[in-house]
Amino acid sequence: MKLAAIDVGSNSIHLLICRTLPDRSYEIIYKDKAMVRLGSRVFASGVLTDSSQKRGLVVLDRFARVIRKFDVDHVIGVATSAVREARNGGTFLKDVRKRTGLKIDRISGPEEARLVAVAVGDLPPFNRGHRLVIDIGGGSTELAFLEEQEPRLIESFKIGAVRLAEELRLGDRPGKKGLKLLKSAALDRMGPLHRRLKDHTFDSVAGTSGSIVCLGMLAARRAGLTMVRGQTFSVTRSQLKQELQYLASLSLVERRDYMGDQSSRADIILAGGSIFLAILDEIENDEVQIPDRSIRDGMIVDFIRQKLEATAADHVVRLARMAQARGDDPYDPHEVREKNIVSLARRYHYEAEHAHQVMRIAAQLFDGTEELHGRGPEEKFYLEAAAILH
């Protein structure tokens, strides 16, 4: 099966096409991206500009043609902070559907964080122990705390590289003073969240997204580290800080020249890097691992787990089995959603026998009326989850 994942971000729009393998893993056969800046001025005005929408439509129309060329079986599309916050975001996605045939769904910040966590947690180095995953986008920053691959806490807050860069328009050579202002603003926007980070300990910290990857690669290059494309690499907090201070000492023109093929991020790298280092300073973490993973990978992994590995009947069995289990019983890492649902139900002392009976009846009604409603396994799962939580 061929799958395509489209990520309509505040800064860039990405396309990933892959082929699923017999062992339920996948291999990437095509990747593309375009910096569209849908988030330009949207966080201040509340609307997507006409020019950014036109740029987005052109890119998505091109992606749709590529998808048809590859004869993709299923397309997963999500839009993040810029589109979800814009008052005309829904209208834009309707225009995309009309012009390209692509269905793009607006997702919440927590769902964005969950998908990033799924992507990173699927990698062998990160599927054991306690991990913190940090993803800094154009309009928002997501944090996920993983324990043995399971997201224990997921947070999203409205501070991103594009948003912060537009809010604080610094001089051409902002220097250390400018970085201090960016960090202070980042901590202020995070509110109580950054204080909560101090209550957690981590075996490792992983950073994803364009800003983090870009700063990490520049810092690794300055330190003379060897990087292999597609593989996780590590940098220290001091190396990241040194690189960011150097970038802040340059003018925008000089920064673009220095950053080479990453020059399109020259105007937001200081903001994105400041958010990242503000978090690292709060948790006093000295080393960061930067895997070659993104929300697109999470979308693919999530689809494989939910659609290919588990049927609707599997979900019913999982929910019932986990609800009836006692204590911290072993569970398959693919059961994260089910375990979270059951944990929430237990927290509020749900009536298990009644909830299970409602779930069984609801599932029977769903199956018996499938020809009328035309819904699939994902919708059935939501119905079953609602039965547990009602």
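Check the entry above for the structure.
Below, the structure is looked at part by part. Just so we're clear, the structure is a prediction, and the values are computed from it rather than from any experiment.

1. Considerations on unusual backbone geometry
Here the phi dihedral of Asp-71 falls at roughly 55°; this positive angle occurs in a residue that is not glycine. Here Asp-71 shows up in the loop between helix H2 (50-69) and strand E4 (74-79). The phi torsion at Ser-209 lies on the positive side, around 100°, for a residue other than glycine. Looking at where Ser-209 falls in the secondary structure, it is placed in the loop between strand E9 (204-208) and helix H9 (210-222). With relative accessibility at 15%, the residue Ser-209 sits in the buried group.

2. Topic: the sheet that holds strand E5 (residues 105-106)
With respect to topology, five strands assemble into an open sheet ordered E3-E2-E1-E4-E5, the strand pairing being mixed. Edge strands, defined here as strands with exactly one partner in the open sheet, are strand E3 (26-35) and E5. On top of the sheet, H2 reaches strand E1 (2-8), strand E2 (12-20), E3 and E4; it is set at about 10° to E2, its chief contact.

3. A few points about the packing of helix H10 (residues 237-248) against helix H11 (residues 252-259)
Where H10 meets H11, the axes come as close as 9 Å, and the angle between the chain directions of the two elements is 135°. Here H10 lies oblique to H11, going by the angle between them. Contact residues: H10 offers Glu-243, Tyr-246 and Leu-247, while H11 offers Arg-255, Tyr-258 and Met-259. Residues belonging to the contact of H10 with H11 are distributed by class as follows: four nonpolar, no polar and two charged.

4. With respect to a nonpolar patch on the surface
Residues Leu-344, Tyr-348 and Leu-389 make up a contiguous nonpolar surface patch of about 300 Å² in total accessible area. In this structure, Tyr-348 sits in the loop between helix H15 (336-347) and helix H16 (352-368). Relative accessible area serves as the criterion here: at 60%, Tyr-348 is assigned to the exposed category.

5. What to know about the environment of Leu-181
One can find Leu-181 in helix H7 (residues 175-190). In contact with Leu-181, not counting residues within four places along its chain, are Leu-168 and Leu-170.

6. Some details on the pattern of salt bridges
The final tally for this structure, using the stated rule, is 22 salt bridges. A salt bridge links Lys-103 to Asp-105; the shortest N-O distance between them is 2.5 Å. Given a relative accessible area of 35%, Asp-105 falls into the partly exposed group. Residues Asp-281 and Lys-241 are paired through a salt bridge, measuring 3.4 Å at the closest nitrogen-oxygen approach. A residue pair is termed long-range when its members are at least 10 positions apart, and Asp-281 in helix H12 (residues 269-283) and Lys-241 in helix H10 qualify at 40 residues. Assessed through its relative accessible area of 16%, Asp-281 is described here as buried. Accessibility expressed as a relative area gives 31% for Lys-241, which makes it partly exposed. Each of Lys-183, Arg-237, Lys-241, Asp-281 and Asp-286 takes part in salt bridges that share partners, so that together they form one network.

Basis of the calculations
Residues numbered from 1 in each chain as written. Predicted model: local features only at pLDDT ≥ 70, side-chain atom pairs only at ≥ 80, totals over all residues. Heavy atoms only, no water. Helix = DSSP H or I, 4+ residues; strand = E, 2+ residues; numbered from the N terminus. Buried < 20%, exposed > 50% of the residue type's maximum accessible area, 1.4 Å probe, protein only. Pairing = 2+ DSSP bridges. Contact = heavy atoms within 4.5 Å. Axes fitted to C-alpha atoms, helices over the stretch in contact; angles between N-to-C directions. Parallel < 35°, antiparallel > 145°, perpendicular 65-115°, else oblique. Nonpolar A, V, L, I, M, F, W, Y, C, P; charged D, E, K, R; others polar. Patch = residues over 30% accessible without salt bridge, like charges linked within 9 Å, V, L, I, M, F, W, Y side chains within 5 Å. Areas by Shrake-Rupley, 256 points an atom, 1.4 Å probe, with all protein chains shown as cover. Salt bridge = Lys/Arg side-chain N within 4 Å of Asp/Glu carboxyl O.

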